Structures are given as structure tokens and as C-alpha cells.
Amino acid sequence: MGYRLSKIYTRTGDKGTTGLGDGSRISKDDARVMAMGEVDELNACLGKLLTLPCPPEVSAMLTRIQHELFNLGGELCLPGQQFIQTTHVEWLEQQLDGLNAHLTPLAEFILPGGTAAAAECHLARTVCRRAERSVITLGKDAAVNEPLLAYLNRLSDLLFVTARYLNKSAGHADVLWQR
């Protein structure tokens, strides 16, 4: 494979447009670009989370998700392509069920927090929800593959459960909301 980014600045975006993977140019405030940016921010949140101590199974899971999010962003950048499949959503569900099996059922709402890793995971969850909303907005004017949207929806659930799992793994209780 050759160098993909041999020159970082191109000056082609100086007037408010950016290039998609198919070579077309669109405005940087287009719904597609906004969705791509939200997914990129989510991936960066997971990267930051991975700098903190996490159980090995969580680190491996989040690293795989980072790769899948890069593919998801590629799907958004290449209209008409589909990289996220139903099998990706099913894998998230398996991870969710596996982690959730170690947790006690919630009787109250919880606040984002606990350990630093759990707090970062909760932050990633909120960014994931925003990314999902951006993809929904994009879907009003462009075709969006159903598995892509389901992936983001399930991922936000998984990040919630992962935050709880991180707290439990560190011996820290969830932070319960008090009325």
C-alpha cells in the first residue's frame, strides 16, 4: 500500500468545501460531513478512553469498535457503499449481553461518573447518541443503510453497559441519581 497522506494540507477546503471518497465536493456544513465528524469525534473519545486502565476484554472490544467506526465513517464518506452489516450489530449485542450478565439490574437512574474510565465511556456514549442523531438527519435527504443506524444505536447501549462494567471491575459503585 502506498502513502495515503503524503501531504496533509491541500488548500482545497479553504473555501468551505471538502472532498468525499468518490471525488465529489460538498459543503463542510453538509449533513453528511456533520455525521462523519460526529463519528470521528466518537472514535477519538474511544481512543482517549483506551489511554486509561481498562480490563483487557474491554480494551480489545473498544479497539475493534474503533476499527469498525473507521469503516462506518468510510461508508458515510462513500455514498452508496455499505461496510457495516447486520453481523456487526449482532456482535455488539453479544458484547452487550456478555458484559451486562456481570452487572446487577438497575433500580435507579445513574449519573455519568465513577472511575475516570467509566466517566470517559459515558462521554463517548453521549457523543455516540449525537452521531446517531446526525445520521438520522442525513437520512432525511440521502440513503443511509439500516445496519449503520442500528450499529450506532446499539453502540450507545453498549457504552452505557461498559461504563457500568468498568466501575464494577474497579470496585467502584455506580453513581446513583438522587431525587
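Please refer to the structure placed before this passage.
Described below are features of the structure shown in this document. (Residues numbered from 1 in each chain as written. Predicted model: local features only at pLDDT ≥ 70, side-chain atom pairs only at ≥ 80, totals over all residues. Heavy atoms only, no water.)

Note that soluble globular proteins tend to have their nonpolar side chains buried in a common cluster. Counting residues in hydrophobic clusters, the biggest one holds 45 residues, and the most contacted among them are L42, I65, L69 and L155. Within the residue set of this core, elements represented by two or more residues are α1 (31-49), α2 (56-77), α3 (86-100), α4 (116-139) and α5 (146-169). The element best represented in this core is α5, accounting for 10 residues. (Core = buried A, V, L, I, M, F, W, Y, C linked by side-chain atoms within 4.5 Å. Buried < 20%, exposed > 50% of the residue type's maximum accessible area, 1.4 Å probe, protein only. Helix = DSSP H or I, 4+ residues; strand = E, 2+ residues; numbered from the N terminus.)

Here we take up α5. With 24 residues, α5 should cover 34 Å at 1.5 Å per step; its first-to-last C-alpha distance of 34 Å lies within 8% of that length. Looking one or two places after α5, you find G171, whose phi comes out positive at around 75°. (Expected span 1.5 Å × (residues − 1).)

Any two side chains of opposite charge can pair, given that their charged atoms come close. This structure, assessed with the given rule, holds eight salt bridges. Between E38 and R130 there is a salt bridge; the shortest N-O distance is 2.4 Å. One end of the pair, E38, is in helix α1; the other, R130, is in helix α4, with 92 residues separating them in the sequence. For R130, a relative accessible area of 29% puts it in the partly exposed group. Two residues, E132 and R129, come together in a salt bridge whose shortest N-O distance is 3.4 Å. Here R129 and E132 lie together in helix α4, a separation of three residues that amounts to about one turn. When its relative accessible area of 10% is taken as the criterion, E132 is described as buried. What emerges from the salt-bridge pattern is a single network uniting E38, E41 and R130. (Salt bridge = Lys/Arg side-chain N within 4 Å of Asp/Glu carboxyl O.)

Attention shifts here to α3. Side chains three or four residues apart in an α-helix point the same way, a direct result of the helix having 3.6 residues per turn. An ideal rise of 1.5 Å per residue puts 21 Å on 15 residues; α3 measures up with 21 Å between its terminal C-alpha atoms. H88, V89, W91, L92, L96 and L99 are the residues of α3 that are buried. Mapping the buried residues of α3 onto a view down its axis gives an arc of 155°, with all of them on the same face. Opposite the buried face of α3, by more than 90 degrees, sit the exposed residues T87, Q94 and D97. Tucked inside the fold, the buried residues of α3 contact α2 and α5. (Arc of directions from axis to C-beta. Contact = heavy atoms within 4.5 Å.)

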